[in-house]
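# Analysis of the macromolecular model
Residues per chain are reported as follows:
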There are 2 protein chains.
Amino acid sequence: MASKLVAPHGGKGLVCALLEGDALAAELEKAKGMKQVEISDRAKGDLIMMGIGGFSPLTGFMTKADWKGVCENFTMADGTFWPVPITLDVDASEGIKAGDEIALVKDGETFATMSVTETFAMSDDDKKWECEKVFMGEGEESVDGNFWKIAPEDHPGVIMVQNQKDTNIAGPVKVLSQGEYPKEYPGVYLTPAETRAMFDERGWANVAALQLRNPMHRSHEFLAKIAVEVCDGVLIHSLIGNLKPGDIPAPVRVKAIDILIENYFVKENVINSGYPLDMRYAGPREGLLHATFRQNYGVNNMLIGRDHAGVGDFYGLFEAQDIFDRIPQTGDDSKDLLCKPMKIDWTFYCSECDGMASLRTCPHDKGSRVILSGTKLRKALSEGAEIVDHFGRDEVLDHLKAYYATLTEKVEVKMQGAASGDDM
Amino acid sequence: MASKLVAPHGGKGLVCALLEGDALAAELEKAKGMKQVEISDRAKGDLIMMGIGGFSPLTGFMTKADWKGVCENFTMADGTFWPVPITLDVDASEGIKAGDEIALVKDGETFATMSVTETFAMSDDDKKWECEKVFMGEGEESVDGNFWKIAPEDHPGVIMVQNQKDTNIAGPVKVLSQGEYPKEYPGVYLTPAETRAMFDERGWANVAALQLRNPMHRSHEFLAKIAVEVCDGVLIHSLIGNLKPGDIPAPVRVKAIDILIENYFVKENVINSGYPLDMRYAGPREGLLHATFRQNYGVNNMLIGRDHAGVGDFYGLFEAQDIFDRIPQTGDDSKDLLCKPMKIDWTFYCSECDGMASLRTCPHDKGSRVILSGTKLRKALSEGAEIVDHFGRDEVLDHLKAYYATLTEKVEVKMQGAASGDDM
């Protein structure tokens, strides 16, 4: 039966650069003779996504024209929507030039080979321009040397770009590894082809995704359950790439989701999975990236709650919702983002409502509300404090407490900075 | 600013047959000289809907070709979707014929004039055929003389058709009165033009409607609140036409909704209104009719819960949802039903979930669930019994108890027959 799912982004089906079998063995052999270029964690995640079709229709790292169009107007050179630059930085001193075939390696493993088609310098001004375009919140203005109301040097996304090397290299890649993910997350790390097959098997047409990087608490559960009511099913999709120190490791989070589903969901209507990216800390644009790659996984409704992909206090609580109204729409399904936001207001348990509610449904006083946040939860768990009623589910909290008990020293969880995004 | 709302059904804007001012006075004068034809309560409701655009694009009662197409395939002669016959029956002995101008009256009030364009006989076999097409549940088969597993003589919709007179008359109408509704329900009885203006003023594009004919309890509240989360707003839309003896009168129900909104909703996101129809007891097809006329009111999402527009035990609990998947779709927006179902499973309070849930979200035992039904609520209220916790809201129950206390004798509420549809 024909799939009823949304088509992958970009109108070219799933574009997967991953080699397998003999082709993989041959390319790995060839790679040995190539210049070895060490890549970042971020680039490793990007490569794996290119490998498995998660970044369809990208075939490699972006050219200058793509980079410029994406920064300026969310659009690659060929008119296809894309929300954040997917670029690869190297030192000019490495002498890489167009026409080179290079191997991209990390920690001794070869992740890809790349046919370099273009190199372009990234001056400090270029980086600053990228940061302003990509990371700046709505209504913020650039003032020389201090272009946000909050100092950009506190923004981890800005820091990441500013620390990039002085040259970007573009060109298609052949991906040679999915890293540790298949082995470390069997049944949880799923490729877009795999999630699509699962959705098809269940007969789903309208699928929502819940983005998670924190343990799932009742606000997340509530968002997912709203989506279960109005869609065919929900993909609970956790970031299983690298986090910051003090964050709860992915295996612990994934297990917490399993426990929650086991006890509080109808299993047929949810799938617990993970994706191999690091946080980019791109704020509202990261919300768009979440929707873009979710479309490739077969998802056409992206749950966007309060402070989605938040970065400290840099953004308004609903900027990641509003940005969906400002992106270009050409009317051409092969160019546009087809995964739509499912925007949900601030959610909480309310004793007067006698259940979960949101600012759109609950008219009661703050005193009736248990405002839930992942950060507060982590803080309480790390301090061994009592968790207020209705905040989380006992079975899940017990699991998280057990994890914290294994830590040899208390993890300090701060209510500021990049780790505090309460989003998901 | 241009309206963002769904267009009225049928591609011709709001088609309103209501006369006002001088035209109304002149037509009322003309009507005095016409043949006076007494109409049913159902026809009165139909006429008012034709008057205010609620039945757009209908201009009058259906021809034989329309009647046949609607019964057979949900489609009028010109290809426009319509779910149930809107016909007017008279006695052949009245001698009405094509070309006649007649006045349609009820209880001394002239509701319309009609230019008769066609008359067609309705034999007992014709009526039986209509009943089989319109009222029969999915998968039911006609067996001569006993064409349902449940005897059709217990089906109030069937009884209504079988009691119709032997001739249907077709033709356009001029509507001369909205009856008692504007005076008895000020601010609640709203025309499609009025609800559309209210939605536009609030900037709504995606509007859900909740159909109600029973007091609103927590399952209804839950459905409405799911819609509030994912739409711009919800029209709580009560039947304020005639009900059966033992049902709670419309003013009491409307006030109960006001109390609920006041205490448990964010007022900006809901509108409490009523529509001037009687129940047709058309089962799943009545669910389609609810969606069809809601489209005229500016609604593009029709909440369809368990046993929507249920008629005793005649239909499966989700037939009114499933039928939306079986209606014709031409791809022509001027012909098709554009108001889509928002299908919600059986809902209830669950103590394990610690809030409202549905069969799609709650994995717990029946013992954890407070199954809510309007019928049980009416029964408990009528008997002065205690209402179980989490069943309804105290403020609403107090209002309903006060109403029941005014009754001089206990109203027996049966768990069977037409009045028992727990739908809405």
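Residues numbered from 1 in each chain as written. Chains lettered and ligands numbered in written order. Predicted model: local features only at pLDDT ≥ 70, side-chain atom pairs only at ≥ 80, totals over all residues. Heavy atoms only, no water.

### Notes on the overall build of chain A
Let me state the cut-off plainly: Helix and strand labels come from DSSP, where a helix needs a run of H or I of at least four residues and a strand needs a run of E of at least two; each type is numbered from the N terminus. As defined in this context, the radius of gyration uses C-alpha atoms, and a globule is described by 2.2 Å times the residue total to the power 0.38. Type-normalised accessible area, obtained with a 1.4 Å probe on protein chains alone, sets the label of each residue: buried when under 20%, exposed when over 50%, and partly exposed for intermediate values. Every accessible area reported is derived by Shrake-Rupley at a probe size of 1.4 Å, with residue values counting cover from the shown protein chains alone. Working convention for charge: Lys and Arg count positive, Asp and Glu count negative, and His plus the chain ends are omitted. Note that the charge is assigned to NZ on lysines, CZ on arginines, CG on aspartates and CD on glutamates.
The secondary structure content of chain A amounts to 13 helices and 15 strands. Scaling as 2.2 N^0.38, a compact globule of 424 residues should have a C-alpha radius of gyration of about 22 Å, and chain A matches this with 21 Å. The proportion of buried residues among the 424 residues of chain A is 60%. A total accessible area of about 16,200 Å² is found for chain A, and carbon and sulfur atoms account for 48% of it. Here chain A holds 45 positive side-chain charges and 66 negative ones, and the gap between their average locations is 1 Å.

### A few points about the domain arrangement of chain A
Residue and element names in this part refer to chain A. Threshold: Where each domain starts and ends follows an automatic or database-derived domain assignment. Contacts are assigned to residue pairs that have any heavy atoms within 4.5 Å of one another. Two parts lose some accessible area (1.4 Å probe) when they are put together, and adding that loss for both gives the buried area. Salt bridge, as applied in this entry: a Lys or Arg side-chain nitrogen positioned within 4 Å of an Asp or Glu carboxyl oxygen.
The domain boundaries assigned to chain A delineate domain 1 (21-122 + 164-179) and domain 2 (186-422). Put simply, the middle of domain 1 and the middle of domain 2, counted by C-alpha atoms, are 29 Å apart. At the junction of the two partners, domain 1 supplies 26 residues and domain 2 supplies 23 residues. A combined buried area of about 2,100 Å² lies between domain 1 and domain 2, and 62% of that area is made up of carbon and sulfur atoms. The tally of links between domain 1 and domain 2 comes to one salt bridge. The residue R280 makes a salt bridge to D46 at a minimum N-O spacing of 2.8 Å.

### Concerning helix 7 (residues 192-201) of chain A
Residue and element names in this part refer to chain A. What counts here: The directions from the helix axis to the C-beta atoms are what the arc is built from.
Within the span of helix 7, buried status applies to P192, T195, R196 and F199. Projection of helix 7 onto a plane perpendicular to its axis shows the buried side chains occupying an angular sector of 100°, all on one side. Check the buried side of helix 7 and you find it contacts helix 2 (41-52), strand 8 (207-212), strand 9 (233-239), strand 10 (270-275) and helix 10 (284-296). Downstream of helix 7 by a residue or two, G203 has a phi angle that is positive, lying close to 75°.

### Considerations on the interface of chain A and chain B
What counts here: Within 3.5 Å is the distance limit for a polar contact, defined as a pair of N or O atoms, with the added protein rule that one can donate a hydrogen and the other accept it, and that residues adjacent in sequence qualify only through two side-chain atoms.
Across the contact, 33 residues belong to chain A and 33 residues belong to chain B. Taking both sides of the interface into account, the surface hidden between chain A and chain B amounts to around 2,400 Å²; carbon and sulfur atoms contribute 45%. Ranking the residues of chain A by area buried against chain B places E229, D354 and R360 of chain A at the top, with a combined share of 32%. The interface formed by chain A and chain B contains two salt bridges. Salt-bridge contacts for D354 of chain B lead to R218 of chain A; the nearest nitrogen and oxygen are separated by 2.6 Å. Where chain A touches chain B, the interface holds 22 residue pairs in polar contact (both at pLDDT 80 or more). Taken together, the elements giving at least two residues each to the side of chain A that touches chain B come down to helix 8 (218-230), helix 9 (250-264), strand 12 (340-343) and strand 14 (355-358) of chain A. Considering each element in turn, the side of chain A that touches chain B owes the most residues, seven residues, to helix 8 of chain A.

### Concerning the relation of the copies chain A and chain B
Put simply, the test is: Alignment of the copies relies on least squares applied to C-alpha atoms, considering only residues that score at least 70 for pLDDT in both.
Overlay of chain A on chain B (RMSD 0.0 Å): rotation 180°, translation along the axis 0.0 Å. Expressed as a symmetry operation, the mapping of one chain copy onto the other fits a two-fold axis. The rotation axis passes nearest to the C-alpha of G355 of chain A in chain A, at a distance of 2.1 Å.

### A short note on the packing of aromatic side chains
Here is the rule: In this scheme Phe, Tyr and Trp rings, the latter by its six-membered ring, pair at centre separations within 6.5 Å, and the angle between planes marks the pair as stacked below 30 degrees, edge-to-face above 60, and tilted otherwise. In this scheme, Lys NZ or Arg CZ marks a charge over a ring once it lies within 6 Å of the ring centre and within 35 degrees of the ring normal.
For the structure shown, the criterion picks out 22 aromatic pairs over all chains. Between F314 of chain A and Y315 of chain A, the ring centres sit 6.3 Å apart and the planes meet at 45°, which makes this aromatic pair tilted. By relative accessible area, which is 6% here, F314 of chain A ends up buried. Each residue in the set W67, F120 and W129 of chain A is aromatic and connected to the rest through ring pairs, giving one cluster. In this structure, K225 of chain B packs its charged tip against the face of F265 of chain B, placed 5.0 Å from the ring centre. The cationic tip of R393 of chain B hangs over the ring face of Y264 of chain B; the distance from NZ or CZ to the ring centre is 4.1 Å.

### Describing the packing of helix 7 (residues 192-201) of chain B against helix 10 (residues 284-297) of chain B
Helix packing geometry: the angle between the two helix axes and the distance between the axes. Residues and elements named next belong to chain B. Stated formally: For every element, the axis is a line fit to its C-alpha atoms; helices are fit only across the contacting stretch, and the angle between N-to-C directions ranges from 0 to 180 degrees. What sets the label is the angle itself: under 35 degrees gives roughly parallel, over 145 gives roughly antiparallel, 65 to 115 gives roughly perpendicular, and the rest give oblique. By the convention adopted, Pro, Cys, Tyr, Trp, Phe, Met, Ile, Leu, Val and Ala count as nonpolar, Lys, Arg, Asp and Glu as charged, and the other residues, Gly among them, as polar.
Contact geometry of helix 7 with helix 10 gives a least axis separation of 7 Å together with a crossing angle of 60°. As the angle between them shows, helix 7 and helix 10 are arranged oblique. For the pair helix 7 and helix 10, contact is made by P192, T195, R196 and F199 and by Q295, N296 and Y297, respectively. A breakdown of the residues in the contact of helix 7 with helix 10 according to their chemical character gives three nonpolar, three polar and one charged.

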